[in-house]
Amino acid sequence: MVTINDIAAKLGISKSTVSKALNNATDVSEEMRKKILYTAVELGYVNKRQQKKEKKLCILIENMDYNTPNQFGHDIVLGFKQMAEPEGWIVDIVPMTISFQKLTPYSVFMMQQGYQASFILGFSLLDPWMKEFRISKIPAVLYDNYINDNPNIASVGCDNQEGFELAVKHLMKLGHKKIGLISGPLDSYILKARYNAYLNALYKYGLEVDEDCIGLEYYVAESTRKYIPKLLAHGVTAILFSHDVRAIAAITECDDRGIRIPEDLSIVGFDDLPMTSYTAPPLTTLRQDRIALGKCGFYALTCLLNQVAIGSILLRTSLVVRGSTGPAPIKEQEKDKI
């Protein structure tokens, strides 16, 4: 167990100076405080005194709306707090940016603020702290991300494989044999997971995997504008989308082009955002239980705080069938036979 004596010896300063810096005393310069904090993190020091004084957790959130009721981030945060606060935890919501991560290491930030663990929402693989999570000794749970080989880091999310299999099975029952995918670029853990889930679902049900039936594009509107006509030209009769936002944009694009949904093309989203019930037609989608995700985030953190090294918790997805999916269109030659 690293002590303040070890930190003082490493820096060649007094034990009292180290203690003051770690407990946010005002008579230590910012430069010295930073040097002490960085050394404490390097040595793996845990401030037990501060942790006994307050039970503090933080939710670090980026690229996600957490203030608007019923929105994705808001519901996850609500589920987390519903579990944590009755247990006596103080939960702070901290908006995060890449620029801040570049200036301040994760472990230093956590020690400065006296947080014992964190729940991470909305981070991408490009975030600087993602590299630090590989070696961090401070517990963290990542939503829709995964870190290998660190017993202090866990993840929560939904079973993407099960979800895509439900969607493909549903479309096959409707007669669809050529099913495409439109997604963002594979620069995030979750988009890679859903891309692989799509491929595996097609393999499982014996459907053809055709790269010409897959569209990967960063911008949402550009992806639908570019790939809707391309996929239709390749005989696609149904398209799965990595997120509801892209699926909703596809409905608008099809309306502009005179493509009827679901008569000409069936569309399936992922997440079940509140707006999906109000699109025209309403969107068939894969639902994530957002409140339950937040609750699982807290459960995973309590495991880590009690030295139970879990890897990941995956919730089941459910298929919500609405008006954007229907029978596969009949080709002209098949119409003639009828």
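Quick caveat: nothing in here was measured; it's all calculated off a predicted structure. (Residues numbered from 1 in each chain as written. Predicted model: local features only at pLDDT ≥ 70, side-chain atom pairs only at ≥ 80, totals over all residues. Heavy atoms only, no water.)

**Some words on the side chain of threonine 237**
Just so we agree on the cut-off: Labels follow the DSSP assignment, with helices taken as runs of H or I lasting at least four residues and strands as runs of E lasting at least two, numbered in each case from the N terminus. When accessible area is computed with a 1.4 Å probe and restricted to protein chains, residues below 20% of their type maximum are described as buried, those above 50% as exposed, and intermediate ones as partly exposed. Here a polar contact is taken to be a pair of N or O atoms separated by no more than 3.5 Å, where protein atoms must pair a possible hydrogen donor with a possible acceptor and residues adjacent in sequence count only if both atoms sit in side chains. Contact criterion: two residues are considered in contact whenever any of their non-hydrogen atoms come within 4.5 Å of each other.
Looking at the element boundaries, threonine 237 is found in the loop between helix 11 (220–233) and strand 8 (238–241). The exposure class assigned to threonine 237 is buried, which follows from its relative accessible area of 14%. Looking at threonine 237, its side chain comes within polar contact range of the side chain of histidine 176, at 2.7 Å. When near neighbours in sequence (up to four residues on either side) are disregarded, threonine 237 contacts His176, Lys177, Lys178, Asp264, Leu265, Ser266, Ala328 and Pro329.

**Here's the deal with the pattern of salt bridges**
Stated precisely, the cut-off is as follows: Between Lys or Arg on one side and Asp or Glu on the other, a salt bridge is scored when a side-chain nitrogen of the former is within 4 Å of a carboxyl oxygen of the latter.
Here the structure, examined in full by the defined rule, presents 15 salt bridges. Residues arginine 33 and glutamate 30 are paired through a salt bridge, measuring 3.6 Å at the closest nitrogen-oxygen approach. Of this pair, arginine 33 and glutamate 30 both sit in helix 3 (residues 30–43), 3 residues apart, which is roughly one turn of the helix. Judged by relative accessible area, arginine 33 falls into the buried class, the value being 10%. Note that glutamate 208 is salt-bridged to lysine 178, the shortest N-O span being 3.1 Å. A residue pair is termed long-range when its members are at least 10 positions apart, and glutamate 208 in the loop between helix 10 (189–204) and strand 7 (214–216) and lysine 178 in the loop between helix 9 (160–173) and strand 6 (179–183) qualify at 30 residues.

**Re the sheet that holds strand 1 (residues 56–61)**
Going by this rule: Any two strands with at least two DSSP-identified bridges between them are counted as paired. Every axis in this analysis is a line fitted to C-alpha atoms, fitted for helices over the stretch in contact. Angles between the N-to-C directions lie between 0 and 180 degrees.
With parallel pairing, 6 strands are arranged side by side in an open sheet as 2-1-3-4-5-11. Edge strands, defined here as strands with exactly one partner in the open sheet, are strand 2 (90–95) and strand 11 (312–315). Neighbour to neighbour, the strand axes of the sheet diverge by 20° on average, direction disregarded. The sheet contact formed by strand 1 and strand 2 spans 6 bridges and is parallel. The residue bridging leucine 60 from the neighbouring strand is valine 94, located in strand 2. Contacts between helix 5 (residues 72–84) and the sheet are confined to strand 1, strand 2, strand 3 (117–121) and strand 4 (140–143), with strand 2 contributing the most and set at about 160° to the helix. Across the sheet, helix 7 (residues 106–113) touches strand 1, strand 2, strand 3 and strand 4, and the angle it forms with strand 1 is around 140°.

**Points about the sheet that holds strand 8**
Across the sheet, 6 strands lie side by side as 7-6-8-9-10-12; this open sheet has mixed pairing. The outermost strands of the open sheet, each flanked by one partner alone, are strand 7 and strand 12 (318–320). Taken pair by pair, the neighbouring strands of this sheet meet at an average axis angle of 20°, ignoring direction. The sheet contact formed by strand 10 (residues 284–287) and strand 12 spans 3 bridges and is antiparallel.

**Observations concerning a nonpolar patch on the surface**
Heads up, the condition is: Each patch is built from residues that are more than 30% exposed by relative accessible area and take part in no salt bridge. Like charges join if they lie within 9 Å; nonpolar side chains (Val, Leu, Ile, Met, Phe, Trp, Tyr) join within 5 Å. Calculation of accessible area relied on Shrake-Rupley with a 1.4 Å probe; when residues are assessed, cover is drawn exclusively from the protein chains displayed.
A grouping of Leu125, Tyr146 and Tyr189 is seen on the molecular surface, where their side chains present a nonpolar patch of about 250 Å² in accessible area. Here tyrosine 146 shows up in the loop between strand 4 and strand 5 (153–158).

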